[in-house]
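Listed below, chain by chain, are the residues.
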Amino acid sequence: MIPETLQDKGYYIAGNIYSAAELDEITTILTTQPVNHVFAIRNLLPQHPGLLPVLTNDKLRDLLNTITPSGNAAVIRSLYFDKPPRSNWFVAWHQDITINLQQKQDIPGFINWGHKDGYYSVQPTQDILDSIITLRIHLDDTTAENGALKVIPGSHSNGIVRTDSPGLFDADTDICEVPAGSIMLMKPLLFHSSSRANNRKNRRVIHLEVLPGIDQLSTLPWSEHTQLF
């Protein structure tokens with residue numbers, strides 16, 4: 001059911017992946033190892049190596065085995081977001097259409113290269129984007145009042161679409177309310193946005209972009225490549 005729902009709607013919410021004790025452990029790791037960026041941390045797993053053993057519990061393994069049966073999956077981008085009352089922002093509708101590499105290379109179909117913070121951002125071919133699965137691990141209850149994601153179900157199936165395309169935002173939207181300790185799985189090409197929080201509660205999310213074990217992609221010079229299991 002999970003693979004079919006993910007493929008059809010572009011997202012799936014899996015509840016009760018982490019216990020309260022595990023959430024406390026994750027929070028402790030995040031708060032006891034200071035970083036430069038308080039509300040958005042890039043390269044999260046390399047900066048916090050103690051997170052991986054906590055995140056990859058048996059429930060996460062079982063969840064991933066339903067969508068990546070080979071069990072050979074790697075994180076190619078790890079981020080941490082916090083939307084606290086004192087740092088609150090709106091995110092416009094968009095798709096996630098880039099990957100990060102260590103080097104710029106002449107790769108067929110790779111376009112729109114950019115360089116920032118020591119890595120190269122590039123739009124790869126659509127088949128690569130289609131293979132990526134985003135895991136959004138929620139450390140707090142996420143509701144419409146504190147900036148839950150809004151999505152256009154099924155919009156990932158249209159490929160890469162310009163945001164000014166006629167009729168794009170006429171479709172129905174879902175507000176993805178996710179309890180603490182749960183995970184939202186999402187396809188990167190699913191159109192999504194989020195509003196400002198208005199209930200003065202944090203919305204902390206660990207964002208992992210996961211690539212199943214695909215041999216022809218293993219040689220790409222990923223800026224981040226952390227084996228999950």
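Refer to the preceding data block for the structure.
Positions within a chain are numbered from 1, following the residues in the order the chain's sequence is written. Local features in a predicted model are, by the rule used here, given only for residues with pLDDT of at least 70; side-chain atom pairs are given and counted only at 80 or more, and totals for whole chains, interfaces and linings are based on all residues. For side-chain calculations, the full set of non-hydrogen atoms in the structure is used, while hydrogens and water are omitted.

Colleague: Go over the side chain of T56, please, and point to the residues and values.
Modeller: Each helix corresponds to a stretch of at least 4 residues labelled H or I by DSSP, and each strand to a stretch of at least 2 residues labelled E; elements are numbered beginning at the N terminus. Within the fold, T56 resides in the loop between α4 (51–55) and α5 (58–67). Buried means the residue's accessible area, taken with a 1.4 Å probe over protein chains only, is under 20% of the maximum for its type, while exposed means over 50%, and partly exposed covers the values in between. The exposure class of T56 is buried, given its relative accessible area of 10%. As used in this structure description, the phrase polar contact means that two N or O atoms lie within 3.5 Å; if the pair is within protein, one of them must be able to donate a hydrogen and the other to accept it, and residues adjacent in sequence are counted only when both atoms belong to side chains. From its side chain, T56 meets the backbone oxygen of L52 in a polar contact 2.7 Å long. In this analysis, two residues are considered to be in contact whenever any of their non-hydrogen atoms come within 4.5 Å of each other. Ignoring anything within four residues of it in the chain, the contact list for T56 reads R61, L228 and F229.

Colleague: Explain unusual backbone geometry to me, using residue names and the numbers behind them.
Modeller: Of note in this structure, N43 is not a glycine but carries a positive phi near 50°. Within the fold, N43 resides in the loop between β2 (40–42) and α3 (44–47).

Colleague: Which residues make up the sheet that holds strand β5 (residues 99–101), and what values go with them?
Modeller: Following DSSP output, two strands are said to pair if at least two bridges run between them. Pairing in this open sheet of three strands is antiparallel, and the strands run β5-β7-β6 from one edge to the other. Two strands lie at the open edges of the sheet, namely β5 and β6 (111–116), each paired on one side alone. For this sheet, the mean inter-axis angle between neighbouring strands, taken without regard to orientation, is 30°. Of the pairings in the sheet, the one linking β5 to strand β7 (residues 119–123) comprises three bridges and is antiparallel in character. Within β7, the residue paired with N100 across the bridge is S121. Axes, fitted as lines to C-alpha atoms, cover a helix only where it is in contact. Angles between the N-to-C directions of the axes lie from 0 to 180 degrees.

Structural measurements only, silent on function.
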